[in-house]
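# Close look at the chain arrangement
As a plain string of letters, each chain reads:
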Amino acid sequence: MGFNATSKFRMRLLNEDTGRTDPVSVQIGLDGLKLSDANSGRSMRSYKLGDISRWRAAPTSLILHTRTPMDVEESQVTLQGDEHATRSLLDVLTCSCMQLAELLQSKQAGNEENETANSLHALVAGNGKKKTKLPAVEDVEYWHSPEKDGWMQCQGDYLGTWRKRWFVLKQGYLFRFMNDKVSESVKPRGVVDLSKIQDVKPASGIINRPNSIQLKTAAGGSVAYICESETDMVLWLSALQESIQRIIKLVAGVEDEPRAPSSSAANKSSSTTKRGGGGSSAEWVHQLERNFESMSARGGSPQLPSNAMVDVVG
């Protein structure tokens, strides 16, 4: 990725795990955003403008959320600086997004470039937040009344080690936290937008880990989780599939808004599973696998309308 005709800013990059900040040089242009070590000049990260899904600005910080076509979960970048630097950085980012959108539209680009242009226009028009039929991730009150929550293991972004994390499913999003002490003041460490997910299935035969599940996007990106038990895996598969079905109905105009979960949602899900014929959890796993195989034989899991991948958040 080449960077030219850019503006540079000196900011501090927040490490979400340690709380430490490091000085970085932020370079923004039509080619994207690049972060370099302010002292050595070493390139650290780079992002295309079209991969920025949303942002949140405060007087002295700018939080960027990014997702490439192959990513399932958003990545978060928090940049800190004084008010003038933060405001200037946001202004240049906004102008760059607008200019790139107009450039892509003016040269009669293909479908992918048009989708990028539409996404950038929506991002700028919403001041960093795209307006959609689905609730924006910032508007979901994940700290109470989840559709389902619990422990699962996920892999780290860099080392790939499996780590136990707390997950909350609500209103079409799967939120990831360090532990189960979730409150309004605790920000998620990761978010999966289920409107982007095309397939949810058992993954024991894919990653060679028992009680695991896989979420896969239309672009081929995937993420896997390991559940606490076989029964828990069945409950997670059921809850995730049900959430995706509600998104499909909402986008199609069948429902006005996502169903507000009751405090007994998890218990209801559990009792429903147990009523399904009185079989063991292993039998339910096999039944789910047969269902997924049947759907795949018919052309895959239920998919969103072709335009939904553009209109939905993120």
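Look up a bit, the structure's there.
Residues numbered from 1 in each chain as written. Predicted model: local features only at pLDDT ≥ 70, side-chain atom pairs only at ≥ 80, totals over all residues. Heavy atoms only, no water.

## What about the sheet that holds strand 4 (residues 43-47)?
Ordered in space as 4-3-2-1-7-6-5, the 7 strands form an open sheet in which the pairing is antiparallel. Both outer strands of the open sheet, strand 4 and strand 5 (52-58), are each paired with one neighbouring strand and no more. Taking each pair of neighbouring strands and ignoring which way they run, the sheet shows an average axis angle of 30 degrees. Across 6 bridges, the pairing between strand 6 (residues 61-66) and strand 7 (residues 75-80) is antiparallel. (Pairing = 2+ DSSP bridges. Helix = DSSP H or I, 4+ residues; strand = E, 2+ residues; numbered from the N terminus. Axes fitted to C-alpha atoms, helices over the stretch in contact; angles between N-to-C directions.)

## A short note on the sheet that holds strand 9 (residues 162-170)
Across the sheet, which stays open at both edges, the 7 strands sit in the order 11-10-9-8-14-13-12 with antiparallel pairing between neighbours. With one partner strand each, in any of the chains shown, strand 11 (190-193) and strand 12 (197-202) form the two edges of the open sheet. Taken over all neighbouring pairs, the strand axes of this sheet differ in orientation by 30 degrees on average, direction set aside. Where strand 12 lies against strand 13 (residues 212-217), 5 bridges are found, and the strand directions are antiparallel. Bridging from a neighbouring strand, Val-200 pairs with Leu-215 of strand 13. Contacts from helix 4 (residues 230-251) reach strand 8 (148-155), strand 9, strand 10 (173-177), strand 12, strand 13 and strand 14 (222-227), with the element oriented near 105 degrees to strand 8. (Contact = heavy atoms within 4.5 Å.)

Limitation: the analysis is restricted to geometry and does not speak to function.
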